[in-house]
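What follows is the residue order along each chain.
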Amino acid sequence: MTQNGHGRVTIVGGGLAGLASATYLARAGHHVTLCEKASTLGGRAATHEHKGYLFNVGPHALYRKAEAAAVLDELGVRFSGKSPTASGGFALDRGTKHALPGGFVSLLTTGLFGVSAKIETARVLATLQKVDTAAWADVTVRDWTEREIQHPDLRRLLLGLFRLTTYGNDPDLQSAGAAIRQLQLALSANVTYLDGGWQTLIDGLRVQAETAGVDLRLGRGVSHIERDCTVRLRDGSTLEAEAVVIAASPDLAADLVVDGRATVLGQYADDAVPARAACLDIALATLPVPRATFALGIDQPLYFSVHSASAKLAPAGGALVHVARYLGARKSEDPHATERELERVLDLVQPGWQAQVVDRRFLPAMTVTHGVPTAKNGGLAGRPAPAIPELPGIYLAGDWVGNEGALADASLASARCAAALIGAQLRTSAAA
Ligand SMILES: Cc1cc2nc3c(=O)[nH]c(=O)nc-3n(C[C@H](O)[C@H](O)[C@H](O)COP(=O)(O)OP(=O)(O)OC[C@H]3O[C@@H](n4cnc5c(N)ncnc54)[C@H](O)[C@@H]3O)c2cc1C
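Residues numbered from 1 in each chain as written. Predicted model: local features only at pLDDT ≥ 70, side-chain atom pairs only at ≥ 80, totals over all residues. Heavy atoms only, no water.

Chemist: How should the overall build of the protein chain be read in this particular structure?
Modeler: Looking only at helices and strands, one finds 12 helices and 20 strands in the protein chain. What you see for the protein chain is a C-alpha radius of gyration of 22 Å, in line with the 22 Å of a compact globule of 432 residues. Taking the principal axes of the C-alpha coordinates as reference, the protein chain spans close to 70 × 50 × 40 Å. Within the protein chain, buried positions represent 57% of all 432 residues. (Helix = DSSP H or I, 4+ residues; strand = E, 2+ residues; numbered from the N terminus. Rg over C-alpha atoms; globule rule 2.2 N^0.38 Å. Buried < 20%, exposed > 50% of the residue type's maximum accessible area, 1.4 Å probe, protein only.)

Chemist: Looking at this model, I keep getting lost on the packing of helix H2 (residues 67-75) against helix H12 (residues 407-431). Mind explaining?
Modeler: A pair of packed helices is captured by two measures, namely the crossing angle of their axes and the spacing between those axes. Their axes nearest at 7 Å, the elements H2 and H12 cross at an angle of 45 degrees. When the axes of H2 and H12 are compared, the pair comes out oblique. The two elements H2 and H12 meet at a crossing, and its hand is left-handed. Seen from H2, the contacting residues are Glu67, Ala68, Ala69, Val71, Leu72 and Glu74; seen from H12, they are Ala408, Asp409, Leu412, Ala413 and Arg416. Here the residues of the contact of H2 with H12 sort into 7 nonpolar, no polar and 4 charged. (Axes fitted to C-alpha atoms, helices over the stretch in contact; angles between N-to-C directions. Parallel < 35°, antiparallel > 145°, perpendicular 65-115°, else oblique. Left-handed = near helix turned anticlockwise from the far one by under 90°. Contact = heavy atoms within 4.5 Å. Nonpolar A, V, L, I, M, F, W, Y, C, P; charged D, E, K, R; others polar.)

Chemist: Looking at this structure, I do not really get the domain arrangement of the protein chain. What am I missing?
Modeler: In many reports, interface size means the accessible area that the parts give up when they come together. Segmentation of the protein chain into domains returns domain 1 (8-44 + 199-272 + 381-431), domain 2 (47-83 + 192-196 + 274-369) and domain 3 (104-185). On a C-alpha basis, the centroid separation for the pair domain 1 and domain 2 is 28 Å. With 21 residues of domain 1 at the contact, the number on the domain 2 side is 23 residues. Between domain 1 and domain 2, a total of about 2,000 Å² is buried, with carbon and sulfur atoms accounting for 60% of that surface. Looking at the side of domain 1 facing domain 2, the largest losses of area belong to Arg44, Leu201 and Asp409, adding up to 31% of the total buried there. Joining domain 1 to domain 2, the criterion identifies 1 salt bridge. Residue glutamate 74 is joined to arginine 416 by a salt bridge in which the shortest nitrogen-to-oxygen separation is 3.2 Å. Where domain 1 packs against domain 2, one counts 11 residue pairs in polar contact (both at pLDDT 80 or more). Only helix H1 (16-27), helix H8 (199-212) and H12 provide two or more residues apiece to the side of domain 1 that touches domain 2. Across the side of domain 1 that touches domain 2, the residue classes tally to 9 nonpolar, 6 polar and 6 charged. (Domains from an automatic or database assignment. Buried area = accessible area lost by both parts, 1.4 Å probe. Salt bridge = Lys/Arg side-chain N within 4 Å of Asp/Glu carboxyl O. Polar contact = N/O pair within 3.5 Å; in protein donor to acceptor, adjacent residues only side chain to side chain.)

Chemist: Whenever I open this one, H2 confuses me. Can you help?
Modeler: Note that an α-helix has 3.6 residues per turn; residues three or four places apart therefore point the same way. Every buried residue of H2 is accounted for by Glu67, Ala68, Ala69, Val71, Leu72 and Leu75. Buried residues along H2 sit against H1, strand E5 (62-63), helix H7 (176-189), H8 and H12. Note on H2: the residue one or two positions beyond its end, glycine 76, has a positive phi of about 80 degrees.

Chemist: Can you walk me through the sheet that holds strand E12 (residues 231-233) in this structure?
Modeler: What holds strands together in a sheet is hydrogen bonding between their backbones, with the strands either parallel or antiparallel. Pairing in this open sheet of 3 strands is antiparallel, and the strands run E11-E12-E13 from one edge to the other. Each edge of the open sheet carries a strand with a single partner, namely strand E11 (222-225) and strand E13 (238-239). When E11 meets E12, the two strands line up antiparallel, connected through 3 bridges. Of the residues in E12, the one forming a bridge with isoleucine 225 is valine 231. (Pairing = 2+ DSSP bridges.)

Chemist: Is there a simple way to think about the nonpolar core in this case?
Modeler: Inside soluble globular proteins, nonpolar side chains tend to come together where they are buried. Residues Trp144, Leu157, Leu158 and Phe162 are the most contacted members of the largest nonpolar core, which totals 43 residues. Elements that contribute at least two residues to this core include exactly strand E4 (53-56), helix H4 (115-127), helix H5 (141-148), helix H6 (152-166), H7, strand E9 (191-194), strand E16 (294-297) and strand E18 (319-328). Here the element with the most residues in this core is H6; it accounts for 6 residues. Mapping this core onto the domain boundaries places at least three of its residues in each of domain 2 (47-83 + 192-196 + 274-369) and domain 3 (104-185). Residue contacts for phenylalanine 162: discarding those within four places in its chain leaves Val141, Trp144, Thr145, Tyr167, Ala179, Ile180 and Leu183. Ranked by size, the runner-up nonpolar core spans 40 residues in total, among them Leu16, Val71, Leu201 and Ala247. (Core = buried A, V, L, I, M, F, W, Y, C linked by side-chain atoms within 4.5 Å.)

Chemist: What is the right way to look at the packing of aromatic side chains in this model?
Modeler: Describing an aromatic ring pair means giving the distance of the ring centres and the angle of the ring planes. Scanning the entire structure with this criterion turns up 4 aromatic pairs. Centre to centre, the rings of tryptophan 144 and phenylalanine 162 are 5.9 Å apart; their planes meet at 70 degrees, and the pair counts as edge-to-face. Placement of tryptophan 144 in helix H5 and of phenylalanine 162 in helix H6 is noted, with a sequence separation of 18 residues between them. Arranged with centres 5.8 Å apart and planes meeting at 70 degrees, the rings of tyrosine 167 and tyrosine 326 form a pair that is edge-to-face. Placement of tyrosine 167 in the loop between H6 and H7 and of tyrosine 326 in strand E18 is noted, with a sequence separation of 159 residues between them. This pair shows no difference in class: tyrosine 167 is buried, exactly as tyrosine 326 is. (Phe/Tyr/Trp six-rings, centres within 6.5 Å; stacked < 30°, edge-to-face > 60°.)

Dropping the structure here:
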């Protein structure tokens with residue numbers, strides 16, 4: 001390490017979190033090496049192109065006014081796209097389509113529920129922004145809906161909206177405070193579907209990382225990390241550093257660090273509640289029903305959205321559609337049956353879709369986030385911090401780390417936080 005506090009840092013993982021923390025650290029003057037086991041960057045934020053259609057890894061939407069957008073702006077990563085509109089969307093209940101109550105008109109006209117539920121829905125939607133989410137951090141989503149919502153039909157709608165905004169489907173575990181915060185974010189500022197897919201974020205971060213001087217090593221899997229921050233790669237080489245950021249899953253963090261399972265990392269891995277989803281990603285030559293662009297399951301944890309209706313993801317006339325089932329922490333018990341179920345959603349919303357298929361991909365159990373905030377751990381505040389006092393020099397970043405945001409917002413916020421903490425650590429050791 002140099003006297004001005006500039007040191008060497010190794011980053012494990014080349015997804016959003018790894019690239020962002022690497023860029024912050026390199027901009028601060030540190031010598032940064034990023035190791036990614038795959039031959040390409042991006043992790044779960046990568047986009048795959050086929051015949052002019054751009055496939056994100058399942059449905060991806062960026063919260064417009066949350067931590068990820070702030071970090072990307074700070075790092076100079078630009079993107080474009082549009083917000084999907086809920087108007088004209090469907091609520092799917094017991095095999096029937098209803099107007100999704102997203103606004104005043106759809107609330108009046110929907111056949112999803114009767115007058116008393118409509119009156120309570122109008123009241124709850126009007127006051128939701130004022131709910132103090134911290135006060136509900138250690139209460140489960142199920143308990144909140146049972147205590148605060150009178151009408152069972154509105155409870156079902158809210159559980160559907162929580163699934164949509166958090167990707168979680170474990171209301172008996174999920175923190176109500178964290179889930180309400182996601183719904184507040186979605187209702188107040190919406191999300192953006194990105195032109196070119198989430199790969200534009202990865203490409204933008206790569207440019208910023210390289211410009212800042214990050215040494216990007218692709219196809220270089222890490223096999224383990226010594227307690228003194230020496231990183232050993234699968235090819236037998238080693239990297240010495242003063243600090244390491246593990247920007248990957250809780251299981252990987254526990255397994256990579258030597259004897260990590262015996263440390264607090266083992267507990268983090270055991271405690272983490274993932275949110276998984278079965279995703280059917282489909283490219284269509286044309287959309288049979290152009291106005292039917294969004295549907296949310298009410299009795300079943302299902303999702304349908306035509307992402308190309310809001311973002312440039314398909315060639316002229318074509319459509320890129322995402323259909324998903326929220327699995328919660330479980331894996332799909334019968335992937336074949338789940339895929340058929342997702343096809344039935346398409347049958348209901350886009351009859352005639354089969355004849356238009358250009359390409360399709362079924363992902364039976366993607367981990368959307370490794371760390372759903374739970375009521376037991378006090379919501380966002382209970383997630384592991386980026387610094388690990390028991391393992392000085394080793395830091396964490398990812399969607400299961402830190403007390404800010406969910407999903408990609410948590411990945412990027414924890415990446416920024418880990419970089420700031422490392423900067424402080426290296427300055428302190430230089431001064432000592
Ligand atoms: C289906 C789906 C839908 C989603 N929708 C949304 C959404 O709408 N909104 C939202 O905000 N977020 C969404 N997400 C979540 C978002 O994609 C992730 O939170 C984010 O991409 C995670 O980035 P990361 O860098 O933390 O982790 P990852 O992307 O998982 O990156 C970890 C990287 O580490 C690498 N790695 C693993 N092991 C090693 C090793 N031994 N050595 C070196 N490298 C290694 C991996 O190859 C990977 O590239 C979704 C995710 C999925 C799967």
